[in-house]
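# Analysis of the macromolecular model
Spelled out, the chains give:
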Amino acid sequence: MPVKPLRKKTPEISAKVLTRTQRHGILILCISTHDDRVLTTQKSEADYGREVRTLALKMDERKKRILRAIIDDHILTAAPVGSRTISRKYDMGLSSATIRNEMSDLEEMGYLEQPHISAGRVPNARAYRLYVDQLLENGHVDPLVAEHARNYFEANVKQLEDVVASTAQVLSELTRYASVVMMPRQLELRIRSLHMLPISRSAALVVIVTDGGMVRDSMVNVAESLDSDALYAISRMLTERFRNRTLGEVQEMLHQYVLHAEADPRVLRGIMELAEQIEKQNATDNVQVHGSHNILYYPEYADVDTARSVLTLLEAKERLVDLMKTSTGGTFDVRIGPENGIPEMACCSLVLAPYQAAGGSVGTLGVIGPTRMPYDRIMSTLTAVGDALTNLLSAL
């Protein structure tokens, strides 16, 4: 009986569509049969930035003008942008057909996406990165915004402890996004004044005020012989010696005072413990978030799960602190979508700017919103509020 030859089993081939584009009415699919593990690589933020800059060098001025018009229009409308819209609203001297071809090229270059075959295009994170880095004009501070910030501080900041909350509130009101304000790092905070207030014959309230807008108080035991005049004299003496000193420096000085000063050692020990508490306290106590509900007004967060994840993140101050601590420290630090490194912020941008306290320590202001935000206006507003806050802290 003849033996049938063995038939080799044809291996199954899985194909994956990498890109889907349409040019001149023809649907073009780029397909790969390689495994995902070969195709997907993890790019660092530096690699991503270099890639965007390299692609930008290949882009001619006409494409840049069209890309900017698309982004500007999408920021205003939140809708996909078509070639006829650009041709009609923006005076480029180009036909709708020419613009459509250029938009197809921009899509192939990875700057635009098409939600539906029949829809226009929308910019992605790579497009916004190019927009922020190269296409925005140098923004000027709106004098009305600057005046609003100054007037708000004058009306609402009565004490130094009001500064952080007031800053977050005015920033949220001006931008209509969520705002976040972080005080200077604890180790950099410098003491502005120290006050001792009698509570009873054997107890006093110690209040330490720092240059970053932080006020902390604590009860200490004192000798019954120390009346209000004596406590005032001690407060004045310590303020003169500790003003503009960092918390770390004050702790070291207090160790010496406890050993050698004539003042009640229990008072000095209590002040030292309070300084240690301020230095060691959780950084999340020094972050103020305001206006989280503002994100609900934007269509990017119409999906309940998306909105919930972002709102949950805004409540998790620890993660915001970690994100803000990695700021580059420049005039502005703009993190767009995936650049934040947090899945919940894939549809968000974070724009950070520094402000300066009286002793030179630096805090951070920030705005969180959809990637579709008017970056020039946001950066201008951060500058205005940051300048007003710096001047306020210098004057207090």
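Structural data are supplied above this passage.
These figures come from a predicted structure and were not determined experimentally.

Once that is clear, we can look at the pairing of strand β12 (residues 362-370). Remember that side chains alternate between the two faces of the sheet whenever the strand is regular. Most of β12 sits inside the fold, with eight of its nine residues counted as buried. Judged from the five bridges that link them, strand β5 (residues 178-182) and β12 form a sheet pairing that is antiparallel. Counterpart to V180 in the pairing with β12 is G366.

This paragraph deals with the packing of helix α3 (residues 61-77) against helix α6 (residues 125-135). Contact pair α3 / α6: the axes reach a minimum separation of 11 Å and the direction vectors enclose 110°. Taken together, the axis directions place α3 and α6 in an arrangement best described as roughly perpendicular. Seen along the crossing, α3 lies across α6 with a hand that is left-handed. Only A127, Y128, L130, Y131, Q134 and L135 of α6 make contact with α3, whose side of the interface consists of K64, L67, R68, I71, D72, H74 and I75. Residues of the contact of α3 with α6, tallied by class, amount to eight nonpolar, two polar and three charged.

The final tally for this structure, using the stated rule, is 15 salt bridges. A salt bridge links D60 to K63, with the nearest nitrogen and oxygen atoms 3.6 Å apart. The partner of D305 in a salt bridge is R308, and the shortest N-O contact between them spans 3.0 Å. Taken together, the residues span about one helical turn, with D305 and R308 both in helix α12 (residues 304-315) at a distance of three residues. Relative accessible area serves as the criterion here: at 47%, R308 is assigned to the partly exposed category. Each of D60, R62, K63, E102 and D105 takes part in one network of salt bridges that share partners.

On to α6, then. For α6, the buried fraction is high: nine of the 11 residues fall into the buried class. The N-cap of α6, judged by a side-chain oxygen 3.2 Å from the amide nitrogen of R126 a few residues on, is N124.

Sheet topology places strand β6 (residues 191-200) next to strand β7 (residues 203-210); eight bridges connect them, and they run antiparallel. The partner of L194 across the bridge, within β7, is I208. Connecting β6 to the antiparallel partner β7 that follows it, the hairpin turn spans two residues.

Attention now moves to the packing of aromatic side chains. For any pair of aromatic rings, the description consists of the separation of the ring centres together with the inter-plane angle of the planes. Going through the model one piece at a time under the given rule, you end up with three aromatic pairs. Ring geometry for Y128 versus Y375: centroids 6.0 Å apart, planes at 50°, classification tilted. Of this pair, Y128 sits in helix α6 while Y375 sits in helix α14 (residues 375-395), and the two are 247 residues apart along the sequence. For Y375, a relative accessible area of 0% translates into the label buried. Summarising the aromatic geometry, the rings of Y131 and Y375 are spaced 6.5 Å apart at their centres and angled 65° between planes, so their arrangement reads as edge-to-face. In this pair, Y131 is assigned in helix α6 and Y375 in helix α14, connecting sequence segments 244 residues apart. Taken as a pair, Y131 and Y375 share a single burial class, namely buried.

Attention now goes to the environment of V145. When you line up the elements, V145 lands in helix α7 (residues 143-156). Distance from V145 to S380, taken between C-alpha atoms, is 8.7 Å for residues 235 residues apart in sequence. Setting aside residues up to four positions removed in sequence, V145 forms contacts with L174, T381 and A384.

With that settled, the discussion passes to the sheet that holds strand β9 (residues 287-290). What the five strands build is an open sheet, ordered β9-β5-β12-β11-β10; its pairing is antiparallel. Of all strands in the sheet, those bounded by a partner on one side alone are β9 and β10 (333-336). Neighbour-to-neighbour, the strand axes of the sheet open up by a mean angle of 15°, direction not taken into account. The pairing of strand β11 (residues 348-356) with β12 spans nine bridges and is classified as antiparallel. Residue L350 lies in a different strand from β12, and its bridge partner there is I368. Helix-sheet contacts for helix α13 (residues 317-325) involve β5, β9, β10, β11 and β12, and the interaxial angle to β5 is about 70°. With respect to the sheet, α14 is in contact with β10, β11 and β12, its orientation differing from that of β11 by roughly 25°.

So, how was this worked out
- Residues numbered from 1 in each chain as written.
- Predicted model: local features only at pLDDT ≥ 70, side-chain atom pairs only at ≥ 80, totals over all residues.
- Heavy atoms only, no water.
- Buried < 20%, exposed > 50% of the residue type's maximum accessible area, 1.4 Å probe, protein only.
- Helix = DSSP H or I, 4+ residues; strand = E, 2+ residues; numbered from the N terminus.
- Pairing = 2+ DSSP bridges.
- Axes fitted to C-alpha atoms, helices over the stretch in contact; angles between N-to-C directions.
- Parallel < 35°, antiparallel > 145°, perpendicular 65-115°, else oblique.
- Left-handed = near helix turned anticlockwise from the far one by under 90°.
- Contact = heavy atoms within 4.5 Å.
- Nonpolar A, V, L, I, M, F, W, Y, C, P; charged D, E, K, R; others polar.
- Salt bridge = Lys/Arg side-chain N within 4 Å of Asp/Glu carboxyl O.
- Polar contact = N/O pair within 3.5 Å; in protein donor to acceptor, adjacent residues only side chain to side chain.
- Phe/Tyr/Trp six-rings, centres within 6.5 Å; stacked < 30°, edge-to-face > 60°.

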